[in-house]
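This is what each chain is made of:
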Amino acid sequence: MLRTGGITSSRCSLRTAEDFDRLAGDGVLGAVRYTTGAGPVGWEHGCPVLPLHMVRPGGPEVVEVWAASGPVRTGEHRGLHYAHDGEVLFAAGHIGPSAGCGEAAREAYLAAFELVDRLGYPHLFRMWNALEGITDRDGRGTEVYAEFCVGRARAFEESPRPMPAATGIGALGGGASFYFVAHRAGRVVHLENPLQVPAHEYPRRYGPRSPSFARATWLEGVLHVSGTASILDDATVCPGDVVRQCQVTLANLAALVGRDNLARHGLPGGWVLRDLRQVKVYVKRPEDVPTVTRLCREEFSRRAEFAVFAVDVCRPDLLVEIEGIAS
Ligand SMILES: C=C(O[C@@H]1C=C(C(=O)O)C=C[C@H]1O)C(=O)O
């Protein structure tokens, strides 16, 4: 039985497929299967479950499970499958084919905003976007990620609200999908990283519309950390060098979660890398997985839940990206 230990512990856990199947929906709000194939969002044991094609054949499936804190109500809204428990709303949707996904992304995001507004969970605190062929270009030379960012930015413009922590990452198939969690009433603070330009202020050379996300979102003592990479100010550093990119990424994470940065945002406390839990690592080149895993293992706690996926990252010159939750 999954139970949260109160609002200051994370609702999220990374599990094996067997472990998830054993839960049979008991205490589960929603889940994401990081798996070997794509498929539609569906219901398993009454919970919304999104399959993301992020694992290569023979690799282990990882299931990200969001725990419920009480009785769950579920539904569907404009293609989104959702569940909520009075405190947290989990929702997931398929946006469509990733090439030329701008308009579909705009519509999906507007549907998401309408859902959180209608159900009364106004505090979006974490969003994930999985894009097949994220750095591919269409016939007109437009990159999938740039196209996605245009649609998402339009949605935030049409239905203004704070931008939460997010991940925008490659997938091996399945087009474009997304999922998110929103809170009903907690105190939410969105953080930036002192070592990086806010993503929503990136200059135009990275795309016609900048990415709509914060570097982290603090919710009642839990810090949800966005996908973080080897970017200083707005520039990729150490192109081609996976070891140094990993080190820069870890230093960026340390600066983001540290006491000084929390104080800068008017928040108490702070964390170090060893406090991160539910760590997900994305590695562009499959051959770099052992190196990145070793470097991460040296920095993160043995007690951290940890998953590595060999998938593309949002810029052609980024080789690694890391996210996690500190509590
Ligand atoms: C790695 C970066 O961006 C990535 C893309 C994101 C998005 O578009 O939602 C969010 C975090 C990262 O997954 C970055 O700009 O630093």
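None of the values given here were measured: they were computed from a predicted structure.

Digging into the site of the ligand
- Looking at the ligand, there are 15 residues lining it, with Tyr145, Arg152, Gly168, Tyr202 and Glu321 nearest.
- For the ligand, an oxygen atom lies 2.6 Å from a polar atom in the side chain of Tyr202.
- With respect to the ligand, the side chain of Arg215 contributes an N or O atom lying 2.9 Å from an oxygen atom.
- Starting from 390 Å² of accessible surface for the ligand in isolation, the protein chains cover 100%.
- Of all the cavities here, the one that holds the ligand is the largest pocket.
- Among the secondary structure elements, those contributing two or more residues to the shell around the ligand are helix H3 (144-158), strand E10 (165-171) and strand E14 (222-229).
- Among the elements that make up the shell around the ligand, the one with the highest residue count is E10 (3 residues).

Regarding the pattern of salt bridges
- Overall, the coordinates contain 21 salt bridges when judged by the stated rule.
- Here Asp234 and Arg205 are joined by a salt bridge, their closest N and O atoms 3.0 Å apart. Note that Asp234 is positioned in the loop between strand E15 (231-232) and strand E16 (235-236) and Arg205 in the loop between strand E12 (188-191) and strand E13 (216-219), a separation of 29 residues in sequence.
- Exposure remark for Arg205: the relative accessible area of 62% places this residue in the exposed category.

Some thoughts on the nonpolar core
- By size, the foremost hydrophobic cluster in this structure holds 70 residues, and its most contacted members are Tyr34, Tyr179 and Phe180.
- Take this core: its biggest share by element is 9 residues, from helix H2 (residues 102-119).
- When neighbours within four sequence positions are excluded, Phe180 is seen to be in contact with Leu80, Leu89, Phe90, Ala91, Ala112, Leu115, Val116, Leu124, Arg126 and Met127.
- One finds Val225, Leu250, Trp271 and Ala304 within the second-largest nonpolar core, a separate group that totals 30 residues.

Considering the pairing of strand E17 (residues 276-283)
- Among the 8 residues that make up E17, 8 are buried, leaving the element largely enclosed by the rest of the structure.
- Pairing between E17 and strand E19 (residues 320-326): 6 bridges, direction antiparallel. Among the inter-strand pairings, Lys280 is bridged to a residue of E19, identified as Glu323.
- In this structure, E17 lies alongside strand E18 (residues 306-309), joined through 4 bridges in parallel fashion. By the bridge assignment, Val279 is partnered in E18 with Phe306.
- As a crossover connection, the stretch from E17 through helix H6 (residues 289-299) into E18 is right-handed.

Let's talk about the packing of H2 against H3
- One way to put it is that H2 packs onto H3 with a least axis distance of 7 Å and a crossing angle of 35°. For H2 against H3, the interelement crossing comes out right-handed. Of the residues in H3, those touching H2 at Gly102, Ala105, Arg106, Tyr109, Leu110 and Phe113 are Glu147, Phe148, Gly151, Arg152, Arg154, Ala155, Phe156 and Glu158.

Some remarks on the pairing of strand E8 (residues 88-96)
- When you tally the buried positions in E8, you get 8 out of 9 residues, the bulk of the element.
- Two elements, strand E7 (residues 80-84) and E8, share 4 bridges in a ladder whose sense is antiparallel. Bridging from a neighbouring strand, His84 pairs with Leu89 of E8.
- Linking E7 to E8, which pair antiparallel, is a turn of 3 residues; within it Gly86 sits at a positive phi near 95°.
- In the sheet, E8 pairs with strand E11 (residues 176-183) via 8 bridges, with the strands oriented antiparallel. Directly across from Phe90, in E11, lies its bridge partner Val181.

As for the environment of Ala214
- Tracing the chain through its elements places Ala214 in the loop between E12 and E13.
- Residue Ala214 is classed as buried on the basis of its relative accessible area, which comes to 2%.
- Sequence-distant contacts of Ala214, defined by excluding residues within four places in its chain, comprise Met163, Pro164, Ala165, Ala166, His190, Leu191, Glu192 and Ser226.

Remarks on the layout of surface pockets
- A volume near 330 Å³ is recorded for the largest pocket.
- Along the walls of the largest pocket sit 27 residues, with Tyr145, Tyr202, Ile231, Cys314 and Arg315 positioned nearest its centre.
- Breaking the lining of the largest pocket down by element, the ones donating at least two residues are H3, E10 and E14.
- Class assignment for the residues of the lining of the largest pocket results in 13 nonpolar, 7 polar and 7 charged.
- The computed volume of the second largest pocket comes to approximately 190 Å³.
- Every residue along the wall of the second largest pocket is listed here: Met54, Val55, Arg56, Gly59, Pro60, Val62, Val289, Phe306, Ala307, Val308, Phe309 and Ala310.
- The element contributing the most residues to the lining of the second largest pocket is E18, with 4 residues.
- Considering only residue class, the lining of the second largest pocket consists of 10 nonpolar, 1 polar and 1 charged.

Rules and cut-offs
- The residue count restarts for each chain, going from 1 along the sequence in the order it is written.
- In view of the model being predicted, local features appear only for residues whose pLDDT reaches at least 70, and side-chain atom pairs are presented and counted only at 80 or more, with totals across whole chains, interfaces and linings using the full set of residues.
- To obtain the side-chain values, all non-hydrogen atoms of the structure were used and water was disregarded.
- Throughout this document, a residue counts as near a molecule or strand when at least one of its heavy atoms sits within 4 Å of that molecule or strand.
- Polar contacts, as used here, are pairs of N or O atoms within 3.5 Å; protein pairs need one atom able to donate a hydrogen and one able to accept it. Residues neighboring in sequence count only if both atoms are side-chain atoms.
- Accessible surface is estimated by sampling points in the Shrake-Rupley manner with a 1.4 Å probe; for residues, cover comes only from the protein chains shown.
- Grid points spaced at 1 Å over the protein atoms alone were grouped into cavities, where a 1.4 Å probe fits but cannot get out, and pockets, open sets with protein on both sides within 12 Å along at least five of seven lines, with lining residues defined by an atom within 4 Å of a point.
- Just a note on the criterion: a molecule sits in a pocket or cavity if more than half of its atoms are within 2 Å of the grid points.
- Under the DSSP-based scheme used, a helix requires at least four consecutive residues in state H or I and a strand at least two consecutive residues in state E, with every element numbered from the N terminus.
- Any carboxyl oxygen of Asp or Glu within 4 Å of a side-chain nitrogen of Lys or Arg constitutes a salt bridge here.
- We call a residue buried when its accessible area falls under 20% of the maximum for its residue type, exposed when it is over 50%, and partly exposed in between, using a 1.4 Å probe and counting protein chains only.
- Here, nonpolar core refers to any group of buried Ala, Val, Leu, Ile, Met, Phe, Trp, Tyr and Cys residues whose side-chain atoms link them within 4.5 Å.
- By definition, residues are in contact when any of their heavy atoms lie within 4.5 Å.
- When DSSP finds two or more bridges between two strands, those strands count as paired.
- A crossover gets the label right-handed when its path from the first strand over the helix to the second runs clockwise, viewed with the strands pointing away from the viewer.
- Lines fitted to C-alpha atoms define the axes here, with helix axes fitted over just the stretch in contact, and angles between the N-to-C directions of these axes take values from 0 to 180 degrees.
- Rotating anticlockwise by less than a right angle from the far helix to the near helix defines a left-handed crossing, while the corresponding clockwise rotation defines a right-handed one.
- Grid points are joined across faces, edges and corners, and a volume is the space filled by probe spheres set on the points.
- Residue type decides the class: Asp, Glu, Lys and Arg count as charged, Ala, Val, Leu, Ile, Met, Phe, Trp, Tyr, Cys and Pro as nonpolar, and the leftover types, Gly among them, as polar.

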